[in-house]
Amino acid sequence: VLQRGDTWGNASPSRLYEERGAYGLDRLTPKDFSEAYAAVLRSLKPGPAIAAALPHDLEGRVGIHARLTDKISGRVNDFEMTAESWARIEARTMKEVARLVAAGHRFFVCADDIAYRDKLASGLRERGVDVVTAKPQQGPPGFPDLLDFFALSRCAEVVQLTKYSTFSIAAALAGGVPLRNFSRDEDPDGSGNRNDIWDSAFAHV
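Here the residue index of a chain counts from 1 through its sequence in written order. This being a predicted model, a pLDDT of at least 70 is required before a residue's local features are given, and a value of 80 or more before pairs of side-chain atoms are given or counted; all residues contribute to the totals for chains, interfaces and linings. Hydrogens and water are ignored here; the side-chain numbers use all heavy atoms of the structure.

A run of H or I in DSSP becomes a helix once it reaches four residues, and a run of E becomes a strand once it reaches two; helices and strands are each numbered from the N terminus. Inspection of the secondary structure assignment puts R42 in helix α2 (residues 30–42). Between the alpha carbons of R42 and T133 there is a distance of 23 Å; along the sequence they are 91 residues apart. Those residues within four positions of R42 in sequence are excluded, and the remaining contacts are L173, A174 and H204. Contacts are residue-level and defined by heavy atoms, with any inter-residue pair within 4.5 Å sufficient.

Quick look at the structure:
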């Protein structure tokens, strides 16, 4: 049980290092923590059912992860956004997606909001873009999420279409691929996001 006791995925290497004494790991350095953290994430592999359901040609694609539902609220901080903030992030991210489209990239798209995912994928396909989404068959609870996670990890890079999401951060780290986010400093109050707490892990990607 982590000393911090969080029920969400914000136990980054730097935060674990701050609490190293609780685990008897006082001799380890920040580099030790970040290297071990990245190594554990890279060791994650899908089970047979997930592996069989993954799209077959993910290598070389740009993965787009849209996270909307639980991140849009009436307040702005380093992990939540208002509807207005979301609109600005979406516009900025889609400008970069348009650049990637013009450069001939192929895409994998996933989202917590399936209707939004399908709308985004359809819009790109109408422009002649090669886009795939995961289409899970019946499976246990969480199966579609694990499928999206490992699909993102197989892409060449991951673009976050949201303010902040540990889901796609972890997928990028598991795949050892770059993560791109376009929300930093877009809010009038300068709240930015908390992606920087993962910099030490990405240093080993």
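Having put the structure on the table, let's press on.
With that settled, the discussion passes to the packing of aromatic side chains. Geometry of aromatic contacts follows a simple scheme: Phe, Tyr and Trp rings, the Trp one being its six-membered ring, pair when their centres are within 6.5 Å, and the pair is stacked under 30 degrees between planes, edge-to-face over 60, tilted otherwise. According to the stated counting rule, one finds five aromatic pairs in the structure shown. Both rings, one in F149 and one in F167, keep their centres 5.8 Å apart while their planes meet at 75°; by these two values the pair is edge-to-face. Remark: F167 occurs in helix α7 (residues 166–175) and F149 occurs in helix α6 (residues 143–154); sequence separation between them is 18 residues. Residue exposure (1.4 Å probe, protein chains only): buried if accessible area is under 20% of the type maximum, exposed if over 50%, otherwise partly exposed. A relative accessible area of 11% places F149 in the buried class. Members of the aromatic cluster, each reached through a chain of ring pairs, are F149, F150 and F167. It is R20 that lies over the ring of Y17; its NZ or CZ is 3.9 Å from the centre. For a ring to carry a charge above it, either NZ of a lysine or CZ of an arginine must fall within 6 Å of the ring centroid while also lying within 35 degrees of the normal to the ring plane.

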